[in-house]
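Structural overview
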Amino acid sequence: MKTLLGKKLGMTQFFNEDGSVVRCTVIQAGPCLVTQKKTVENDGYAATQIAFGDVKARRLNKPLLGHLKKAGVDPKRHLVEVRGEDDLAVGDAVTVEVFAPGDRVKVSGVSKGKGFQGVIKRHGFGGGPGYHGAHFHRAPGSIGSSADPARVYPGTRLPGQMGNVRVTQTGLTVVKTDLDKNLVLVKGAIPGSKGSLVVIRG
């Protein structure tokens with residue numbers, strides 16, 4: 001299973017042996033503990049549940065505390081289920097050893113929230129002329145038809161909430177791993193703000 005939960009720490013740069021520089025994101029990934037195994041016979045599908053992030057017991061409710069206690073795991077903040085079969089058992093730890101430099105990965109996280117934005121910033125509309133006398137600057141323009149159908153079609157690009165949605169960045173490459181500090185350096189940028197939860201999949 002090449003999946004890890006982690007925390008985005010920020011961005012830095014990594015110098016190759018030839019002197020070239022690589023912009024990369026630092027992720028504190030794992031160790032993630034296996035808290036539950038689901039099988040086709042019992043649950044209808046195969047999956048592994050992993051936990052990440054230490055938290056005080058008083059921050060969790062009793063059902064979740066009981067679930068973690070049954071697995072023999074200390075209180076954890078995040079639980080994620082990974083589909084598929086593997087050789088892991090309840091209580092095993094998944095570390096950054098599952099990744100190696102050069103591996104292709106995809107990272108999922110919640111993007112930064114931008115609040116309520118107009119169509120120019122949200123969708124990249126061109127807008128109208130900026131000179132004096134023009135009455136059309138940053139508005140969306142015509143958004144509907146005439147008497148028929150006399151309504152705005154669903155899915156029309158309009159102003160609204162921007163960001164704060166789950167985003168998956170694909171085509172990323174692992175630059176370096178640090179087992180002692182549980183760090184993974186990924187080439188390029190990933191979604192989310194500093195300190196946010198991300199999921200790395202191989």
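Whatever comes next refers back to the structure up there.
Report on the accompanying structure.

**Concerning helix α2 (residues 62-70)**
For α2, the N-terminal cap is Asn61; the gap from its side-chain oxygen to the backbone nitrogen of Leu64 is 3.0 Å. Gly72 lies just past α2 and shows a positive phi near 75°.

**Thoughts on the packing of aromatic side chains**
Applying the stated criterion to the full structure yields zero aromatic pairs. A cation over an aromatic ring shows up here: Arg83 above the ring of Tyr45, its NZ or CZ 3.9 Å from the ring centre.

**Let's talk about the sheet that holds strand β12 (residues 197-201)**
Taken in spatial order, the six strands line up as β1-β2-β11-β10-β7-β12 and close into a barrel, and their pairing is antiparallel. Looking at each pair of strands side by side, their axes are set apart by 50° on average, direction ignored. Pairing of strand β7 (residues 104-110) with β12 involves four bridges; the strand directions are antiparallel. Looking across to β12, one finds that Ser108 is bridged to Val199.

**Points about the nonpolar core**
By size, the foremost hydrophobic cluster in this structure holds 23 residues, and its most contacted members are Leu4, Leu5, Ile27, Ala29, Val105 and Ile200. Among the elements that line this core, the one with the most residues is β12, at three residues. When sequence neighbours within four positions are dropped, the list of residues in contact with Leu5 reads Gln28, Ala29, Gly30, Cys32, Ile50, Ala51, Phe52, His78, Val80, Leu197, Val198 and Val199. Val22, Cys24, Leu183 and Leu185 belong to the second largest nonpolar core, which has six residues in total.

What counts, and where the lines are drawn
Residues numbered from 1 in each chain as written. Predicted model: local features only at pLDDT ≥ 70, side-chain atom pairs only at ≥ 80, totals over all residues. Heavy atoms only, no water. Polar contact = N/O pair within 3.5 Å; in protein donor to acceptor, adjacent residues only side chain to side chain. Helix = DSSP H or I, 4+ residues; strand = E, 2+ residues; numbered from the N terminus. Phe/Tyr/Trp six-rings, centres within 6.5 Å; stacked < 30°, edge-to-face > 60°. Lys NZ or Arg CZ within 6 Å of the ring centre and 35° of its normal. Pairing = 2+ DSSP bridges. Axes fitted to C-alpha atoms, helices over the stretch in contact; angles between N-to-C directions. Core = buried A, V, L, I, M, F, W, Y, C linked by side-chain atoms within 4.5 Å. Buried < 20%, exposed > 50% of the residue type's maximum accessible area, 1.4 Å probe, protein only. Contact = heavy atoms within 4.5 Å.

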